[in-house]
Amino acid sequence: MVLETAVLAEPTSSQYAFDQATDSYHIGRSASGADIYAGRVNPTWAIGQVPVRGYVIALSLHAVLDYYSTRHQKHPVALNTFFFKKTEPGPFIVEISDLKPSKKGFHVVKVLLRQHKKDGSAKKVPESLEEYNPAEYVTKTHSIITMGNMDGEKGVTYIHPTEGAKPPSLELMKPTQMEFIKEYVNVYQDQSTLPIHKQDGQIISGRPEVHHCVSFKDGRESDFKSLPFWADVFVHPVFSLGEQVLGGRCWMPTLQLEVQFKAVPKNVKSVLASFKVPHIINGRFDLDGALFDQHQNLLAITRHQCLVVPWERNTPPKL
């Protein structure tokens, strides 16, 4: 790689676990014009052996928000992330390249999250472009992110009375402890969609949807960086169908995740969210969701493309 610049920025200091786990710093710009950030994947933000997809997106989005922090387009409007390979603990690189530049309009960038081809968990995070050899890295995620400025948006506002996203009710929600990342998040979930276990041992399948309220345990407010995380953190709706429908314990890896941001998050203490799975066909399914602040203002909508696979594919082999 031909070096154009090699500037090391200090990592961000934060009291919050999510910010510490998603931190990265700018190490320079390549000759091709890509801005390069470096950081380290935190292995505790994971489901089994796989980092939460929304956490992985936040690694890229953190770099993008820093990259745009002094520009007019400081707000993400939409992102679409494709997951090529499993993200591993260890160093990562984020490469940001302009696709559609604009002074005042929407700005579109390509964002690659890359890691060592071989086990890099013990390797040092690059501190300069000289320490980053692209030939030794492979792309784990490929994101297309549209940036804009919501402060200047004006125009028609309309919500379809029946098809528009609606915030879930808090009335049926009860404290729920997730199996993973429970040390980081609070969850209150509507229990009415879960399977029903009858006294005679019969299990009646529930509905493949989730309605809940989530927040960070350490008091961190939710913002643009954390919305894709919340778009991917839930007791999965497919679980409500029960193992009798799914054929056993399963894992639902995400192939593709889209988020469209609808408003600037302001003083968001907790996020209300609903997720539904309308179609599962031959083990592949779509998932739709909507996220609101505690005042029921729509913050974002999301769509996932996922698979239903045996749980064993998400656990290390027994020796």
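The structure under discussion appears in the preceding block.
Now for a look at the structure at hand. Small disclaimer: the values here were computed from a predicted structure and weren't measured.

## Quick word on the environment of Pro310
Alright, step 1. Along the polypeptide, Pro310 turns up in strand E19 (residues 309-310).
Alright, step 2. With near-sequence residues (within four places) excluded, Pro310 lies in contact with Arg249, Cys250 and Trp251.

## Topic: helix H2 (residues 53-67)
Alright, step 1. In a regular helix each residue adds 1.5 Å, so 15 residues correspond to 21 Å; H2 covers 22 Å between its end C-alpha atoms and thus fits that length.
Alright, step 2. Counted residue by residue, H2 has 13 buried out of 15 residues, so it is predominantly covered.

## Points about the layout of surface pockets
Alright, step 1. Counted as a void, the largest pocket has a volume near 830 Å³.
Alright, step 2. Glu163, Gly164, Ala165, Ala290 and Ile301 are, among the 28 residues lining the largest pocket, the residues nearest its centre.
Alright, step 3. Broken down by secondary-structure element, the contributors of at least two residues to the lining of the largest pocket are strand E15 (254-261), strand E16 (271-281), strand E17 (284-292) and strand E18 (298-307).
Alright, step 4. Per-class residue counts for the lining of the largest pocket are nine nonpolar, ten polar and nine charged.
Alright, step 5. Of the voids in this model, the second largest pocket is the one considered here, and its volume is about 660 Å³.
Alright, step 6. Surrounding the second largest pocket, 30 residues form its lining, Ile47, Phe234, His236, Phe239 and Met252 being those nearest its centre.
Alright, step 7. Within the lining of the second largest pocket, the residues separate by chemical class into 18 nonpolar, seven polar and five charged.

Here is what the cut-offs are and how they apply
- Residues numbered from 1 in each chain as written.
- Predicted model: local features only at pLDDT ≥ 70, side-chain atom pairs only at ≥ 80, totals over all residues.
- Heavy atoms only, no water.
- Helix = DSSP H or I, 4+ residues; strand = E, 2+ residues; numbered from the N terminus.
- Contact = heavy atoms within 4.5 Å.
- Expected span 1.5 Å × (residues − 1).
- Buried < 20%, exposed > 50% of the residue type's maximum accessible area, 1.4 Å probe, protein only.
- 1 Å grid on protein atoms, 1.4 Å probe; cavity = no way out; pocket = protein on both sides within 12 Å on 5 of 7 lines; lining within 4 Å.
- Points joined across faces, edges and corners; volume = space filled by probe spheres on them.
- Nonpolar A, V, L, I, M, F, W, Y, C, P; charged D, E, K, R; others polar.

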